[in-house]
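One letter stands for each residue in the lines below.
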Amino acid sequence: MARVVVDVMPKQEILDPQGQAVAAALPRLGFEGISEVRQGKRFELEVADDVDDAALDQIAETLLANPVIENFVVRRVEA
């Protein structure tokens, strides 16, 4: 079995209201020097060793991310 991580982030040109809310809250909580926050999603999948990268990309593109407004990165990590 292999562990695969898929990170999904809104594209830069897409507004990120959740990230904006976090960025606005940070100074109120005493954290300074943060100019921008982008909030995304992280998926961790346990997959069989014979699942290839093309299949993983297709899973990310069709189910985990909306490629119209989000970018994604698929990577295998140590289990």
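Since we're looking at a predicted model, the values are computed, not measured.

Enquirer: Just to check I follow, could you spell out the side chain of Lys11 for this structure?
Expert: Within the fold, Lys11 resides in the loop between β1 (2-10) and α1 (17-28). Despite its burial, Lys11 remains without a salt bridge, the nearest opposite charge being carried by Glu13 at 5.0 Å. Within the structure, Lys11 has its side chain in polar contact with the backbone oxygen of Pro67 (distance 2.9 Å).

Enquirer: Sorry if this is basic, but what is going on with the pairing of β1 here?
Expert: Along a regular strand, successive side chains alternate from one face of the sheet to the other. Alignment of β1 against strand β2 (residues 41-47), held across seven bridges, turns out to be antiparallel. Across the sheet, residue Val5 finds its bridge partner in β2, namely Glu44. For β1 and strand β3 (residues 70-77), the ladder comprises eight bridges, and the chain directions are antiparallel. Across the sheet, residue Arg3 finds its bridge partner in β3, namely Val77.

Enquirer: What should I look at first to understand the sheet that holds β2 in this one?
Expert: Strand pairing in a sheet relies on backbone hydrogen bonds, with the paired strands running either antiparallel or parallel. If you walk across this open sheet you meet the three strands as β2-β1-β3, and the pairing is antiparallel. The two strands at the open ends of the sheet, each matched to only one other strand, are β2 and β3. Neighbouring strand axes in the sheet, compared pairwise and without regard to direction, differ in orientation by 20° on average. Of the strands in this sheet, β1, β2 and β3 touch helix α2 (residues 53-64), which is tilted by about 145° from β3.

So, how was this worked out
- Residues numbered from 1 in each chain as written.
- Predicted model: local features only at pLDDT ≥ 70, side-chain atom pairs only at ≥ 80, totals over all residues.
- Heavy atoms only, no water.
- Helix = DSSP H or I, 4+ residues; strand = E, 2+ residues; numbered from the N terminus.
- Buried < 20%, exposed > 50% of the residue type's maximum accessible area, 1.4 Å probe, protein only.
- Lys, Arg positive; Asp, Glu negative; His and termini not counted.
- Salt bridge = Lys/Arg side-chain N within 4 Å of Asp/Glu carboxyl O.
- Polar contact = N/O pair within 3.5 Å; in protein donor to acceptor, adjacent residues only side chain to side chain.
- Pairing = 2+ DSSP bridges.
- Axes fitted to C-alpha atoms, helices over the stretch in contact; angles between N-to-C directions.
- Contact = heavy atoms within 4.5 Å.

Bear in mind that shape data such as this cannot, by itself, settle questions of function.
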